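Here is what each chain is made of, one letter per residue.
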Protein chains: 2
Amino acid sequence: MHSADELRALVEDALGELALHRDIGPLEDAVRYGFEGGKRIRPVLCLAVGEALGRDPEELLPAACALELVHSFSLVHDDLPALDDDDTRRGRPSTWAQFDEASAVLAGDALLVEAFRLAATYETTALVRELAEATLGMIGGQHLDVAGAAPDLASLNRLKTGRLFESAVACAVAVADVEPQTWPVFGREVGALFQLVDDLLDGDGFVLVQGQEETRRRADEAAERALSALAELDADTSVLRGLVEGLATRTV
Amino acid sequence: MHSADELRALVEDALGELALHRDIGPLEDAVRYGFEGGKRIRPVLCLAVGEALGRDPEELLPAACALELVHSFSLVHDDLPALDDDDTRRGRPSTWAQFDEASAVLAGDALLVEAFRLAATYETTALVRELAEATLGMIGGQHLDVAGAAPDLASLNRLKTGRLFESAVACAVAVADVEPQTWPVFGREVGALFQLVDDLLDGDGFVLVQGQEETRRRADEAAERALSALAELDADTSVLRGLVEGLATRTV
């Protein structure tokens with residue numbers, strides 16, 4: 001078994017060596033810029049679930065990279081002036097601010113397509129379908145958010161953040177070709193945990209609605225439910241337990 | 001065999017009945033708006049190649065619709081103010097002008113993902129890979145165009161227009177699971193023909209560089225090469241010959 005840090009290093013190497021399609025030409029700079037510097041939580045989660053199910057990280061790396069590219073696509077487009085209008089991301093100019101709006105629209109598009117190209121390197125089309133459904137949820141969530149039309153914050157987070165976490169778990173389960181058991185519950189709770197802690201760290205989202213204390217309580221409950229789901233699985237979930245604890249107590 | 005008009009009606013019906021993913025929610029209006037009113041040339045080409053190879057249009061319809069969604073995605077994003085800044089498309093407001101920029105960015109994203117979801121309904125991942133490569137070429141071409149960095153007009157057209165025409169042919173060949181023979185040549189020449197006639201009708205592109213007469217000559221040559229490629233194929237290409245002649249003489 002690899003530690004979470006070792007898995008993260010594998011993801012970082014794979015992303016660094018990713019052969020982007022030659023036809024994107026000079027857009028490659030903006031595309032690479034768009035996926036540099038992330039925490040790689042989703043791909044690490046995917047690899048760790050795969051390894052808990054006895055699958056070599058090498059086998060899951062294309063799916064893991066695809067998840068990170070979808071995540072990066074969403075950030076590059078969400079940061080655009082017409083959407084969230086964020087000129088900073090990960091401590092440096094966001095893609096549109098570093099390049100220009102046209103390049104950011106096209107780089108986001110290319111990130112998305114490269115993700116599907118990676119997902120299509122598997123024998124089965126299951127990963128493409130899983131990733132497509134998750135991405136449509138994220139897009140729908142972002143639209144509700146921008147339009148101020150979300151029914152409630154929990155539903156919105158489930159779409160915008162939760163779907164890709166669920167997909168990170170589901171992609172590993174699909175490659176391992178095992179019964180889902182409580183894996184979907186685990187994916188859902190990890191996604192909720194990540195978002196709640198994000199709100200605590202940023203002082204927004206749930207913190208503004210429910211307050212700091214209630215948000216902390218909900219995050220701890222999500223962590224407990226994630227750990228309970230793991231406990232029911234017939235798999236070596238030691239690294240995943242560490243990931244959940246790391247997400248619950250993270251400070252960045 | 002179905003006529004081109006019959007194939008177009010099948011495409012129109014399939015697009016009208018397309019079940020978009022429920023998670024896109026109220027964004028569905030902008031997504032449907034984005035693919036309404038097209039001439040459906042690429043999907044009809046795909047179905048006609050499939051039928052020439054003995055495949056039922058039903059079998060090719062998901063691929064055909066995916067091609068039209070990719071084409072629509074490219075128009076919705078290209079029309080954005082930060083790119084070509086077109087407020088009119090197909091005689092009515094472009095998607096961003098009808099809705100807003102944020103909705104157009106997200107609707108374009110959703111069109112792209114729905115295309116891959118359709119391509120992934122086949123047993124093989126070949127269609128997803130084919131469509132992804134074509135789309136990356138289109139994105140790379142649009143980036144060169146916006147940045148004014150294209151080496152020459154023919155290379156640019158090959159990426160922006162040609163790749164998806166080639167892909168329409170290649171998707172049908174992949175589903176029919178036959179040897180490519182001269183099909184790739186046919187796809188390339190039909191794409192070139194379409195773009196040259198577009199320039200003639202709009203009075204731009206090649207017409208501005210080479211003049212009306214030379215552009216007409218090149219279009220006719222592309223049509224001839226497309227017909228020659230068809231003549232070498234072991235397939236019933238009567239409908240395809242009609243399509244080529246229709247593209248060469250079209251007035252809209």
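No experiment lies behind these values; they were computed from the predicted model shown.

What should I look at first to understand the overall build of chain A in this one?
Regarding its fold elements, chain A presents 12 helices and two strands. Going from the N terminus to the C terminus, chain A shows its helices and strands as α-α-α-α-β-β-α-α-α-α-α-α-α-α. A globule of 252 residues ought to have a C-alpha radius of gyration of about 18 Å, and chain A, at 17 Å, matches this closely. In terms of overall dimensions, chain A has C-alpha extents of about 50 × 45 × 30 Å along its principal axes. Here chain A holds 252 residues, and 55% of them are scored as buried. Sequence separation of at least 24 residues holds for 69% of the intrachain contacts in chain A that already meet a minimum separation of 6.

Can you help me understand the interface of chain B and chain A in this one?
Frequently, the measure chosen for interface size is the accessible area removed from exposure when the parts meet. The partner chain A presents 39 residues to the 39 residues of chain B that form the contact. Mapped by element, the contributors of at least two residues to the side of chain B that touches chain A are helix H6 (101-119) and helix H7 (126-146) of chain B.

Is there a simple way to think about the relation of the copies chain B and chain A in this case?
The operation linking the two copies of the chain is a rotation about an axis combined with a translation along the axis. Here chain B sits on chain A after a turn of 180° about the axis and a move of 0.0 Å along it, with an RMSD of 0.0 Å. The superposition of one copy onto the other is thereby described by a two-fold rotation axis. Closest to the rotation axis within chain B is the C-alpha of Thr125 of chain B, separated from it by 2.8 Å. Both copies share a contact surface, since 100% of the interface residues of chain B are interface residues in chain A too.

Looking at this structure, how should I read helix H11 (residues 212-231) of chain A?
Every α-helical turn comprises 3.6 residues, leaving residues that sit three or four positions apart pointing alike. Residue and element names in this part refer to chain A. Counted at 1.5 Å a residue, the expected span for H11 with its 20 residues is 28 Å, and the 29 Å between its end C-alpha atoms agrees. Inspection of H11 places Thr215, Ala219, Ala222, Ala223, Ala226, Ala229 and Leu230 among the buried residues, and these make up the whole buried set. The arc enclosing the buried residues of H11, seen along the axis, measures out at 125°, which places them on a common side. Of the residues in H11, the exposed ones pointing more than 90 degrees away from the buried face are Glu213 and Ala231. Buried residues in H11 make contact with helix H9 (183-202), helix H10 (206-210) and helix H12 (238-249).

Please clarify how the nonpolar core should be interpreted in this entry.
One recurring pattern in soluble globular proteins is that nonpolar side chains are buried together. Counting residues in hydrophobic clusters, the biggest one holds 178 residues, and the most contacted among them are Leu193 of chain A together with Leu193 of chain B. In this structure, Leu193 of chain A is in contact with Ala219, Ala222, Ala223, Ala226, Val244, Leu247 and Ala248 of chain A, ignoring residues within four places of it in sequence.

Looking at this structure, how should I read unusual backbone geometry?
Among all residues except glycine, the phi angle is most often negative; among peptide bonds, the trans geometry is most common. With a phi angle near 60°, Asp177 of chain A is a residue other than glycine that sits in the positive phi range. Tracing the chain through its elements places Asp177 of chain A in the loop between helix H8 (153-176) and H9. Although it is not a glycine, Asp85 of chain B sits at a positive phi angle of roughly 50°. Of note, Asp85 of chain B is situated in the loop between helix H4 (57-78) and strand E1 (88-89). Taking the C-beta count within 10 Å as the criterion, Asp85 of chain B has 12 such neighbours and is therefore assigned exposed.

Explain the environment of Ala4 of chain A to me, please; I cannot follow it from the model alone.
Residue and element names in this part refer to chain A. Secondary-structure assignment places Ala4 in helix H1 (residues 4-16). It is 8.4 Å that separates the C-alpha atoms of Ala4 and Leu240, two residues lying 236 residues apart in sequence. Excluding residues within four positions of it along the chain, Ala4 makes contact with Val44, Ala48, Val239, Gly242, Leu243 and Gly246.

Would you mind going over the environment of Gln195 of chain A with me for this structure?
Turning to its location among the elements, Gln195 of chain A is positioned in helix H9. Expressed as a C-alpha distance, the spacing of Gln195 of chain A and Thr161 of chain A, which sit 34 residues apart in the sequence, is 6.8 Å.

Before we go on, may I ask you to explain the confidence of the model for chain A in this structure?
One rule of thumb: low pLDDT means the predicted coordinates there are not for detailed reading. The predicted model of chain A has a mean per-residue pLDDT of 97, with 100% of residues at 70 or higher. In the model output, the complex is listed with pTM 0.97 alongside ipTM 0.97.

What is the right way to read the packing of H4 of chain B against H6 of chain B from this model?
Relative orientation and spacing of two packed helices are given, respectively, by the angle between their axes and the distance between those axes. All names here are of chain B. Here H4 crosses H6 at 160°, and the two axes come no closer than 8 Å. As summarised for this structure, H4 and H6 are arranged roughly antiparallel, according to the angle between their axes. Pair H4 / H6 crosses with left-handed handedness. Residue-level contacts link Pro62, Ala63, Cys65, Ala66, Leu69, Val70, Ser72, Phe73, Val76 and His77 of H4 to Ala104, Ala107, Gly108, Leu111, Leu112, Glu114, Ala115, Leu118 and Ala119 of H6. Considered class by class, the residues forming the contact of H4 with H6 number 15 nonpolar, three polar and one charged.

When you look at the packing of helix H3 (residues 41-52) of chain A against H12 of chain A in this model, what are you seeing that I'm missing?
Residue and element names in this part refer to chain A. The contact between H3 and H12 brings their axes to 8 Å, and the two run at 150°. Classified by the angle between their axes, H3 and H12 sit roughly antiparallel to one another. Only Val239, Leu240 and Leu243 of H12 make contact with H3, whose side of the interface consists of Leu45, Ala48, Val49, Glu51 and Ala52. Class assignment for the residues of the contact of H3 with H12 results in seven nonpolar, no polar and one charged.

Mind showing me how you'd approach helix H3 (residues 41-52) of chain B here?
All names here are of chain B. Relative to the 16 Å expected for 12 residues at 1.5 Å per residue, H3 spans 16 Å between its end C-alpha atoms, a close match to the ideal helical length. Burial of H3 is extensive: 12 of the 12 residues sit out of reach of the surface. Those residues of H3 not exposed but buried are Ile41, Arg42, Pro43, Val44, Leu45, Cys46, Leu47, Ala48, Val49, Gly50, Glu51 and Ala52. Tucked inside the fold, the buried residues of H3 contact helix H1 (4-16), H4, helix H8 (153-176), helix H9 (183-202) and helix H11 (238-249). Looking one or two places after H3, you find Gly54, whose phi comes out positive at around 85°.

What is the right way to look at the environment of Ala172 of chain B in this model?
Residues and elements named next belong to chain B. For Ala172, the position within the fold is in helix H8. Sequence separation between Ala172 and Glu51 is 121 residues; the distance between their C-alpha atoms is 8.7 Å. The contact partners of Ala172, leaving out residues within four places of it in the chain, are Cys46, Val49, Gly50, Leu53 and Leu60.

Cut-off values and rules
Residues numbered from 1 in each chain as written. Chains lettered and ligands numbered in written order. Predicted model: local features only at pLDDT ≥ 70, side-chain atom pairs only at ≥ 80, totals over all residues. Helix = DSSP H or I, 4+ residues; strand = E, 2+ residues; numbered from the N terminus. Rg over C-alpha atoms; globule rule 2.2 N^0.38 Å. Buried ≥ 20, exposed ≤ 12 C-beta atoms within 10 Å, placed from the backbone. Contact = placed C-beta atoms within 7 Å. Least-squares fit on C-alpha atoms with pLDDT ≥ 70 in both. Expected span 1.5 Å × (residues − 1). Arc of directions from axis to C-beta. Core = buried A, V, L, I, M, F, W, Y, C linked by C-beta atoms within 7 Å. pLDDT = per-residue confidence, 0-100. Axes fitted to C-alpha atoms, helices over the stretch in contact; angles between N-to-C directions. Parallel < 35°, antiparallel > 145°, perpendicular 65-115°, else oblique. Left-handed = near helix turned anticlockwise from the far one by under 90°. Nonpolar A, V, L, I, M, F, W, Y, C, P; charged D, E, K, R; others polar.

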